[in-house]
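Working through the structure, step by step
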Amino acid sequence: MTDADDDKKLFKIGEVCKVADVQPYVLRYWETEFPSLAPNKSGGGQRLYTKREIDIILRIKQLLYSEGFTIAGAKKKLET
């Protein structure tokens, strides 16, 4: 498998929660607050995240939990 294939792989919410070490409700909330976080949904409504979205999630977590940003502050930081 190449890096290009990895970029196209989709991850379910459970997998992303394990990688990011956050609960599903946290990811769903972040989706409402951060426009750059908009996973596709499968026919059955399952959220499917790309590698790029996982990178955004990890950055959001770093900003909020490690660097002490508020949601509003993290939004501004991500926009720049």
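**Brief notes about the side chain of Glu-31**
Considering the arrangement of structural elements, one finds Glu-31 in helix α3 (residues 24–33). At 2.5 Å, the side chain of Glu-31 forms a polar contact with the side chain of Tyr-49. Here Glu-31 is in contact with Leu-37, Pro-39, Arg-47 and Tyr-49, once residues within four sequence places are set aside.

**Brief notes about the nonpolar core**
In terms of nonpolar packing, the biggest core is built from 19 residues, with Val-16, Leu-27, Trp-30, Leu-37, Tyr-49, Ile-57 and Ile-60 touching the most fellow members. Counting residues per element, the ones that place at least two in this core are α2 (13–20), α3 and α4 (51–66). For this core, the element with the most residues is α4, which contributes six residues. Contacts of Trp-30, omitting those with residues within four sequence positions, involve Val-22, Leu-37, Ile-57, Ile-60, Lys-61, Leu-64, Tyr-65 and Ile-71.

**Examining the pattern of salt bridges**
Inspection of every chain in the model, using the stated rule, returns four salt bridges. One salt bridge in this structure joins Glu-31 and Arg-47, with 2.9 Å as the shortest N-O distance. Separated by 16 residues along the polypeptide, Glu-31 in helix α3 and Arg-47 in strand β3 (residues 47–49) bring together distant segments of the chain. Residues Arg-59 and Glu-67 are paired through a salt bridge, measuring 3.3 Å at the closest nitrogen-oxygen approach.

What counts and how
Residues numbered from 1 in each chain as written. Predicted model: local features only at pLDDT ≥ 70, side-chain atom pairs only at ≥ 80, totals over all residues. Heavy atoms only, no water. Helix = DSSP H or I, 4+ residues; strand = E, 2+ residues; numbered from the N terminus. Polar contact = N/O pair within 3.5 Å; in protein donor to acceptor, adjacent residues only side chain to side chain. Contact = heavy atoms within 4.5 Å. Core = buried A, V, L, I, M, F, W, Y, C linked by side-chain atoms within 4.5 Å. Buried < 20%, exposed > 50% of the residue type's maximum accessible area, 1.4 Å probe, protein only. Salt bridge = Lys/Arg side-chain N within 4 Å of Asp/Glu carboxyl O.

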